[in-house]
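Observations on the model geometry
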Amino acid sequence: MQLLDGKKTAEDIKAEIAIEVQKMITNAEKVPHLAAVIVGNDGASLTYVGSKVKACQRVGFESTLVKMPSTTSETELLKKIKELNEDNAIDGFIVQLPLPVQIDEQKVLMAIDPSKDVDGFHPENFGKMALDMTTFIPATPFGILELLERYGVETQGKHTVVIGRSHIVGRPMSILMGRKGFPGNSTVTLTHSYTKNIAQITTQADIIITALGVPNYLKAEMVKDGAVVIDVGITRVSDDTKEKGYRITGDVDFDNVSKKASFITPVPGGVGPMTIAMLMKNTLLAREMKRD
Ligand code: GUN
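Just so you know, these numbers come straight off a predicted model, no measurement behind them.

Another point: the site of the ligand. Every residue lining the ligand is accounted for by Ile-94, Val-95, Gln-96, Leu-97, Asp-119, Ala-139, Thr-140, Ile-168 and Thr-275. Elements with a minimum of two residues in the shell around the ligand: β4 (92–95) and α6 (139–150). Residues belonging to the shell around the ligand are distributed by class as follows: 5 nonpolar, 3 polar and 1 charged. When we break the shell around the ligand down by domain, the ones giving at least three residues each are domain 1 (27–113) and domain 2 (139–273).

Dropping the structure here:
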């Protein structure tokens, strides 16, 4: 079994991006500037956004954190998005999800200028992705593709089973694994809460990508020998032995599944850090697309 080390790979990617930023500085060019909008006080969301800002500092990007209260109305958030769309200093921005209940997520995502949509969640960018056109690929699926590529994991002609059909991970992942090219050329099954006999499907899989958020969901008996297992789950589980009072748990029963897998991502240190590195990559791309 080989560990797909997302932490180290993400560091490599950020080091590569930092070199590109240095070149921009040497050429007296503007460096990429990412803004992140967070509405409310959800602990996990605040942590993720904090990590994104920290990553900007690491690679040499400028960053702006926009914090809005949980009582923010949809109109107020749409006004802020309009400001960011029109602000030439900002190359790309994200609105951290989930949003409070009074705000319509789809309306918000559609208000983002597609050329600044470094999350790749706007329908125009999602459509381009599905049509193999150059665009921003959502950071988590993009990070998984990058991990598979850098570790030389064969995807062509393989059966990939994706568990979970979220707009952020499962759905785009299922499209990307089936696209022409590498990593891709895979035969994809997208499973979800209405799928019957899921173990019968997962035991046929060469590659399993779980994006459910249910700790220890994927058990060894659901996996065939030699499968590649990608765990996107990051659930906080209370743990009094930890300083923060919780630990992060993936969707995969790692201790047992890792005995059967050929490649597997750990949690933490697998897909999570890759997501952040690929957001940096998309922000660099947003900046480069503005240059002539
Ligand atoms: N919430 C969970 N993952 C993500 C992500 O990749 N981007 C944004 N904006 N919100 C998220």
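The next subject is the domain arrangement of the protein. Partitioning the protein into domains gives domain 1 (27–113) and domain 2 (139–273). Relative to domain 2, the C-alpha centre of domain 1 lies at a distance of 27 Å.

This part covers the sheet that holds β4. Within a sheet, each strand pairs with its neighbour through backbone hydrogen bonds, oriented either parallel or antiparallel. With respect to topology, 3 strands assemble into an open sheet ordered β3-β2-β4, the strand pairing being parallel. The open sheet has two free edges, formed respectively by β3 (62–68) and β4, since each of these has just one partner strand. Ignoring strand direction, the axes of neighbouring strands in this sheet form an average angle of 15°. Here 4 bridges tie strand β2 (residues 33–39) to β4, and the two strands are oriented parallel to one another. In the sheet register, Ala-36 faces β4, and the bridge partner there is Ile-94. Against the sheet, helix α2 (residues 43–59) engages β2 and β3, with an angle of about 170° to β2.

Let's shift gears to the UniProt feature "binding site: NADP(+)" (unreviewed entry) in the protein. UniProt's entry tags Gly-164, Arg-165, Ser-166 and Ile-234 with the feature "binding site: NADP(+)" (unreviewed entry), counted in the numbering of this structure. Of the residues examined, Gly-164 has 24 C-beta atoms within 10 Å and is grouped as buried. The contact partners of Gly-164, leaving out residues within four places of it in the chain, are Val-169, Gly-170, His-192, Thr-210, Ala-211 and Leu-212. Residue classification places Ile-234 among the buried residues on the basis of 20 C-beta atoms within 10 Å. Those residues in contact with Ile-234 that lie beyond four places of it in its chain are Ile-248, Gly-250, Val-267 and Gly-272.

Cis geometry marks the peptide bond from Leu-97 to Pro-98; its omega dihedral reads 0°. Tracing the sequence through the fold places Pro-98 in the loop between β4 and α4 (105–111). Backbone torsion omega between Phe-182 and Pro-183 reads -10°, so that peptide bond is classified as cis. Even without being a glycine, Ala-28 presents a positive backbone phi close to 55°. Inspection of the secondary structure assignment puts Ala-28 in the loop between α1 (6–26) and β2. Overall, Ala-28 belongs to the exposed group, with 6 C-beta atoms counted inside 10 Å. At Asn-185, a residue that is not glycine, the phi angle is positive and equals roughly 55°. Positionally, Asn-185 belongs in the loop between α7 (170–178) and β6 (187–191).

Criteria and thresholds
Residues numbered from 1 in each chain as written. Predicted model: local features only at pLDDT ≥ 70, side-chain atom pairs only at ≥ 80, totals over all residues. Near = placed C-beta within 6 Å. Helix = DSSP H or I, 4+ residues; strand = E, 2+ residues; numbered from the N terminus. Nonpolar A, V, L, I, M, F, W, Y, C, P; charged D, E, K, R; others polar. Domains from an automatic or database assignment. Pairing = 2+ DSSP bridges. Axes fitted to C-alpha atoms, helices over the stretch in contact; angles between N-to-C directions. Contact = placed C-beta atoms within 7 Å. UniProt positions renumbered as here; feature names shortened; annotations may be inferred. Buried ≥ 20, exposed ≤ 12 C-beta atoms within 10 Å, placed from the backbone.

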